[in-house]
Amino acid sequence: MATSLGSNTYNRQNWEDADFPILCQTCLGENPYIRMTKEKYGKECKICARPFTVFRWCPGTRMRFKKTEVCQTCSKMKNVCQTCLLDLEYGLPIQVRDTGLSVKDEVPKSDVNKEYYTQNMEREIANSDGTRPVGQLGKAPSSSDMLLKLARTTPYYKRNRPHICSFWVKGECKRGEESDQNIKDRYYGINDPVADKLLKRASTMPRLDPPEDKSISTLYIGGLGDTVTDGDLKSHFYQFGEIRTITIVQRQQCAFIQFATRQSAEMAAEKSFNKLIINGRRLTVKWGRSQAARGKDGIKDGVSEMGTRLDPVPGLPGALPPPPALDEEAPANYFNLDPGTSPAVMNIALPPPPGINPPPPGFGPPMFHPMGHMAPPMPPPMSMRPPGQIHYPSQDPQRMGAHAAHGSRHGD
């Protein structure tokens, strides 16, 4: 430590004693009921080397334990989390935030100047209301287009999971030796590989060019969810010009905003593309299409309306051949019969089930009746049939109760 507990009373007054840490939502975890340990003057700050209160907790199930790394004074000077050193407003590294706001770091590196600068910052923090950062960061503009594009809107809890270091597995891990220097580099905004990657991503982000059709003054807003309402969209887009209509499609979770002039629509698209956040949701902003282009466009030759080529789906049948042209004067041949033969009606009787005797001759359906000039003969009525044994279904010997029915009939 820089000083001992009993050697200097003045320095002991500058030691930090806090009741709760300054953390981002990701480091705090998603569990609202969290158990946290507090160690008063547990370690010295990695930046100013002054003792401070260390907090340690587990952000969730199967997550690694986390603890505070810097004191609250250093955290308030940069408006960062005490654990991950990411900006509390945008969730980005300090180097990216300072680049987007054009802020130059003025924190001294030597011990004497650092102590003097820290005392002045503590005095300025005590005189402020605590809602805005102090120093150069407090004088910077409130927002930046690049920061709005890169800002994280929701907590990233997967960052709290334990990771296996591949260098440690190979026996080449130097994290313990370089961790202090990495924290200082991240705090001062120099030599941060994560920040360099984000800055490169910001330089290659796509742009939203206005369409050539000057009659289009409609913007498509996607990803509304259930929290963004008509009033939220109106309160944001009315600043760019007069709004003619706002149409919300709840099923698709999107909206169409039509402006009165093309100039207002272009300004709204420029100021909102890739940086529109309403109620904690990042919304998609695109240009609408005219009705004529919407009817002509579509999926043609394997190309979607967004311009991406679609791969063919294997296993689908090909296109069916067109039906042959029908001659209106020729009769319709629905059964593919030979036109040279006379039409005939065939009645094919199914064989009876096993164990059941076939009906006597004259009582079953005919197997084949040629259709000539005369209709098939009708069976004679019951009064004109020749005498003989009358067949009843109850007389079938295979039918259950046939003998009892036959005996009862004779008894009658």
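We now turn to the structure provided with this report. (Residues numbered from 1 in each chain as written. Predicted model: local features only at pLDDT ≥ 70, side-chain atom pairs only at ≥ 80, totals over all residues. Heavy atoms only, no water.)

1. Brief notes about the overall build of the protein
Put simply, the test is: Under the scheme used here, helices are H or I runs from DSSP no shorter than 4 residues and strands are E runs no shorter than 2 residues, and both carry numbers assigned from the N terminus. For every residue, the accessible area (1.4 Å probe, protein chains only) is compared with the maximum for its type, and the residue is labelled buried under 20%, exposed over 50%, or partly exposed between those bounds. Whether two residues touch is decided by their heavy atoms; if any such pair falls within 4.5 Å, the residues are in contact. In short, Shrake-Rupley with a 1.4 Å probe defines the accessible areas, and a residue's cover is counted only from the protein chains shown.
Regarding its fold elements, the protein presents 14 helices and 11 strands. Across the 412 residues that make up the protein, the buried fraction comes to 28%. Long-range contacts, defined as pairs at least 24 residues apart, comprise 61% of the intrachain contacts of the protein with a sequence gap of at least 6. As displayed, the protein has an accessible area near 29,400 Å², and 55% of this comes from carbon and sulfur atoms.

2. Looking at the pairing of strand β4 (residues 218–222)
Side-chain positions along a regular strand alternate between the two faces of the sheet. Under the convention used in this document: For two strands to count as paired, DSSP must find a minimum of two bridges between them.
Within β4, four of the five residues are buried, leaving the element largely enclosed by the surrounding structure. Across five bridges, the pairing between β4 and strand β6 (residues 254–259) is antiparallel. Pairing of Ile 221 across the sheet is with Ala 255, part of β6. For β4 and strand β9 (residues 284–287), the ladder comprises four bridges, and the chain directions are antiparallel. Along β9, the bridge assignment pairs Gly 222 with Thr 284.

3. Quick word on the sheet that holds strand β2 (residues 51–57)
Whenever strands of a sheet pair, they do so through backbone hydrogen bonds, lying parallel or antiparallel. The sheet built from three strands is open, its strands ordered β1-β2-β3 with antiparallel pairing. The sheet is open, and its two borders are formed by β1 (36–44) and β3 (66–67), each paired with just one other strand. Bridge count between β1 and β2: six bridges; the pairing is antiparallel. The residue bridging Glu 39 from the neighbouring strand is Val 54, located in β2.

4. A few points about the sheet that holds β6
Counted only if it meets this: Helix axes are fitted to C-alpha atoms over the stretch in contact, other axes to C-alpha atoms as well, and angles between N-to-C directions run from 0 to 180 degrees.
Strand order in the open sheet formed by four strands is β5-β6-β4-β9, with antiparallel pairing between adjacent strands. Edge positions in the sheet fall to β5 (243–249) and β9, since each of these pairs with one other strand and no more. In this sheet, adjacent strand axes meet at a mean angle of 20° when their direction is disregarded. In this fold helix α11 (residues 230–237) packs onto β4, β5 and β6, with an angle of close to 145° to the strand it touches most, β5. Sheet strands in contact with helix α12 (residues 262–272) are β4, β6 and β9, and its direction is about 145° off that of β9.

5. Quick look at the pattern of salt bridges
To keep it simple, the criterion reads: Think of a salt bridge as a Lys or Arg side-chain nitrogen and an Asp or Glu carboxyl oxygen that are within 4 Å of each other.
Counted according to the given criterion, the structure contains eight salt bridges. A salt bridge links Lys 46 to Glu 69; the shortest N-O distance between them is 2.9 Å. Linking Lys 46 in the loop between β1 and β2 with Glu 69 in the loop between β3 and α3 (72–78), this pair joins segments that are 23 residues apart in sequence. On the accessibility criterion, Lys 46 (22% relative accessible area) is partly exposed. Ionic pairing is found between Lys 67 and Glu 69, a salt bridge with its closest N-O pair at 3.2 Å. By relative accessible area, Lys 67 is classed as partly exposed at 23%.

6. Section: unusual backbone geometry
Its identity as a non-glycine residue notwithstanding, Ala 49 has a phi of 65°, on the positive side. Structurally, Ala 49 is set in the loop between β1 and β2. You can call Ala 49 partly exposed: its relative accessible area is 27%. The phi dihedral of Asn 274 falls on the positive side, at around 65°, and the residue is not glycine. Looking at where Asn 274 falls in the secondary structure, it is placed in the loop between α12 and β7 (277–278). Looking at Asn 274, the relative accessible area reads 26%, which means it is partly exposed.

7. Re the packing of helix α4 (residues 94–101) against helix α10 (residues 193–203)
To keep things clear, this is the line we draw: In these notes the angle categories are as follows: under 35 degrees is roughly parallel, over 145 is roughly antiparallel, 65 to 115 is roughly perpendicular, and the rest is oblique. Amino acid classes used here: Ala, Val, Leu, Ile, Met, Phe, Trp, Tyr, Cys and Pro are nonpolar; Asp, Glu, Lys and Arg are charged; the rest, including Gly, are polar.
With their axes 8 Å apart at the nearest point, α4 and α10 run at an angle of 40° to one another. When the axes of α4 and α10 are compared, the pair comes out oblique. Residues Gln 95, Val 96 and Thr 99 of α4 lie in contact with α10, whose contacting residues are Ala 195, Asp 196, Leu 198 and Leu 199. Class assignment of the residues belonging to the contact of α4 with α10 gives a composition of four nonpolar, two polar and one charged.

8. Observations regarding the packing of aromatic side chains
Test applied: Stacked, edge-to-face and tilted are the three classes for Phe, Tyr and Trp ring pairs, Trp counted by its six-membered ring, which pair at centre distances within 6.5 Å; planes under 30 degrees apart are stacked, over 60 edge-to-face, the rest tilted. Sitting over a ring, as applied to charges here, requires NZ of Lys or CZ of Arg to be within 6 Å of the ring centre and within 35 degrees of the ring normal.
Taken as a whole and assessed by the stated rule, the structure comprises five aromatic pairs. Their ring planes at 80° and their centres at 5.7 Å tell us that Tyr 187 and Tyr 188 sit as a pair that is edge-to-face. Residue classification places Tyr 187 among the buried positions, given a relative accessible area of 0%. Positioned above the aromatic ring of Tyr 187 is the side chain of Lys 78, whose terminal nitrogen or guanidinium carbon lies 5.6 Å from the ring centre. Above the face of the Trp 287 ring, Arg 262 is positioned so that its terminal group lies 4.9 Å from the ring centre.

9. As for the environment of Tyr 117
Mapping Tyr 117 onto the fold places it in helix α5 (residues 111–127). With 11 residues separating them in the primary sequence, Tyr 117 and Glu 106 have C-alpha atoms 9.5 Å apart. Not counting chain neighbours up to four residues away, the residues in contact with Tyr 117 comprise Met 77, Glu 106, Val 107 and Pro 108.

10. Some remarks on the pairing of β6
As paired elements, β5 and β6 share six bridges and run antiparallel to each other. When the bridges of β6 are listed, Ile 243 appears paired with Phe 259. Where β5 folds back on β6, the antiparallel hairpin that results is connected by four residues, among which Gln 253 adopts a positive phi of roughly 55°.

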